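Notes for the structure review
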Amino acid sequence: MTSAPRPWFQTDRIRDDLYCITEPYYRLDYRANIWLVKGRDSDLLIDTGLGVSSLKLYLSGLLDKPLKVVASHIHYDHSGSCHEFEQVFIHQNEHQALSRGDQQLILSTPEAGFVADEDFDSLPYQGFSASHYEVKACPQVQAIQHGDVIDLGDKAFEVMHLPGHSSGSIGLYNAKAQTFFSGDVVYDGELFDDLDDSVVADYIDSMEKLLHLKTDEVRPGHYHSFNRRRLQQLVTQYIDDKKAPICPSEG
Ligand SMILES: [Zn+2]
Ligand SMILES: [Zn+2]
């Protein structure tokens, strides 16, 4: 396989203060959205991709203020480049694991083989091999918890702890603008609640918290953005599926 044409990333400008960065040579259904929010006093990067190419270098032209980096949760498709940045935050439940580079949690069970050579349409660099892939430890990462506020000067994001997909999954909510960054808690695609660190009962509780969230702009960790109506549909669908009585033959 040949190496990917540079750059490895692709940027879509949503509006003056919002950009979505992706890794177009990685398989579509695992490829995460990396969100860059420009603020008055500082900028906010939500998630960091696989870490197979320097995100910091790639973004340098877009960054002109102090940068706060928040990982929506620990999984490799979101935390890969955290180690490149100075001011990095993750929920306290996953703080130690990212700080130490615990591949078992980061790769969500390496034995499951979530990262494979065939998932790459082009190699990020010459000699890349998925079998050697790992996410670098991020000793500088700081712990955040539910209710903490990430303040950019002209806009602020409240941390909502929404476990279930993983124990430290969070969403970031801007109540004034009614925008919500949902990470892997909810997106318009197959949701994962059977990973090693998933807890379905917690997932249901988290979804119930989102049912009445005032937002008309959901910016998810995967796939396209959606509105409140779609959020309610996705949340309701998940809750109904999980609460449906189990067929006796399966029980
Ligand atoms: Zn995840
Ligand atoms: Zn993900």
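What comes next concerns the included structure. All residue numbers refer to positions counted from 1 along the written sequence of the respective chain. Throughout, the order in which chains and ligands are written sets their labels, letters from A for the former and numbers from 1 for the latter. Restriction of local features to residues with pLDDT of at least 70 applies here, the model being predicted, together with a cutoff of 80 or more for giving and counting side-chain atom pairs; totals for whole chains, interfaces and linings are based on all residues. Only hydrogens and water are removed before side-chain values are computed, so all heavy atoms of the structure are retained for them.

Further remarks concern the coordination of the zinc ion (ligand 1). Only nitrogen, oxygen and sulfur atoms qualify as donors, provided they sit within 2.8 Å of the metal or within 3.2 Å for Na, K and Ca; with water excluded from the atoms, sites may seem incomplete. His73 (NE2), His75 (ND1), His165 (NE2) and Asp184 (OD) make up the full set of protein donors to the zinc ion (ligand 1), lying at 2.1 to 2.3 Å. We note that the donor set of the zinc ion (ligand 1) lies within a single chain, spaced as H-x1-H-x89-H-x18-D.

Four donors placed tetrahedrally around a metal ideally meet at 109.5 degrees, and six donors placed octahedrally ideally meet at 90 or 180 degrees. For the zinc ion (ligand 2), every protein donor is listed as Asp77 (OD), His78 (NE2), Asp184 (OD) and His222 (NE2), and the spread of their distances is 2.1 to 2.2 Å. As a motif over one chain, the donors of the zinc ion (ligand 2) read D-H-x105-D-x37-H. Between the zinc ion (ligand 2) and the zinc ion (ligand 1) the interatomic distance amounts to 3.5 Å, and Asp184 serves as a bridging ligand to the pair. In this pair, His78 sits in helix α2 (residues 76-79) while Asp184 sits in the loop between β11 (179-183) and α5 (200-210), placing the two residues 106 residues apart along the sequence. Here His78 and Asp184 have matching classes, each one buried. Strands are runs of DSSP state E lasting at least 2 residues, helices are runs of H or I lasting at least 4, and numbering of each runs from the N terminus. With a 1.4 Å probe rolled over the protein chains alone, any residue whose accessible area is under 20% of its type maximum counts as buried; one over 50% counts as exposed, and the rest are partly exposed.

Turning our attention to the packing of aromatic side chains. Pairing of aromatic rings covers Phe, Tyr and the six-membered ring of Trp, with a centre-to-centre limit of 6.5 Å; geometry is then stacked below 30 degrees between planes, edge-to-face above 60, and tilted otherwise. For the structure shown, the criterion picks out 13 aromatic pairs. Arranged with centres 5.5 Å apart and planes meeting at 85 degrees, the rings of Tyr125 and Phe128 form a pair that is edge-to-face. For Phe128, a relative accessible area of 7% corresponds to the buried category. With a centroid separation of 5.9 Å and an interplanar angle of 50 degrees, the aromatic rings of Tyr187 and Tyr223 are classed as tilted. Taken together, the residues span a long stretch of sequence, with Tyr187 in the loop between β11 and α5 and Tyr223 in the loop between β12 (217-220) and α6 (228-243) at a distance of 36 residues. The rule for a charge over a ring is simple: NZ of Lys or CZ of Arg within 6 Å of the ring centre, and within 35 degrees of the ring normal. Cation over ring: Arg27 sits above Tyr30, and NZ or CZ is 3.8 Å from the ring centre.

Quick look at empty space enclosed by the protein now. Remark: the empty space left among the atoms is shown by a probe the size of a water molecule rolled over them. Put plainly, a pocket is an open set of points on a 1 Å grid over the protein atoms alone with protein on both sides within 12 Å along at least five of seven lines, a cavity is a set where a 1.4 Å probe fits but cannot get out, and a lining residue has an atom within 4 Å of a point. Grid points are joined across faces, edges and corners, and a volume is the space filled by probe spheres set on the points. For the structure shown, the criterion picks out 1 cavity of 30 Å³ or more. Taken as a whole, the largest cavity spans an internal volume of roughly 190 Å³. Surrounding the largest cavity, 14 residues form its lining, Tyr76, Asp77, His165, Asp184 and Phe192 being those nearest its centre. Here the residues of the lining of the largest cavity are counted per class, giving 7 nonpolar, 4 polar and 3 charged. Polarity classes work like this: nonpolar for Ala, Val, Leu, Ile, Met, Phe, Trp, Tyr, Cys and Pro, charged for Asp, Glu, Lys and Arg, and polar for all others, with Gly in that last group.

Along the chain, the position of Ser122 falls in the loop between α4 (103-106) and β7 (142-144). Taking relative accessible area as the criterion, Ser122 reaches 8% and is therefore assigned buried. Separated by 18 residues in sequence, Ser122 and Gln140 place their C-alpha atoms 31 Å apart.

Each reported salt bridge corresponds to a side-chain nitrogen of Lys or Arg within 4 Å of a carboxyl oxygen of Asp or Glu. In total, this model carries 16 salt bridges according to the counting rule given. Across the pair Asp41 and Arg40 runs a salt bridge, and its minimum N-O distance is 2.9 Å. Judged by relative accessible area, which is 54%, Arg40 ranks as exposed. A salt bridge links Lys242 to Asp193, with the nearest nitrogen and oxygen atoms 2.9 Å apart. Here the residue Lys242 occupies a position in helix α6, and Asp193 occupies one in the loop between β11 and α5, the gap between them amounting to 49 residues. Take Lys242: its relative accessible area is 37%, and that puts it in the partly exposed class. Here the residues in one salt-bridge network are Arg15, Asp17, Asp154, Lys155, Glu217 and Arg219, joined through shared partners.

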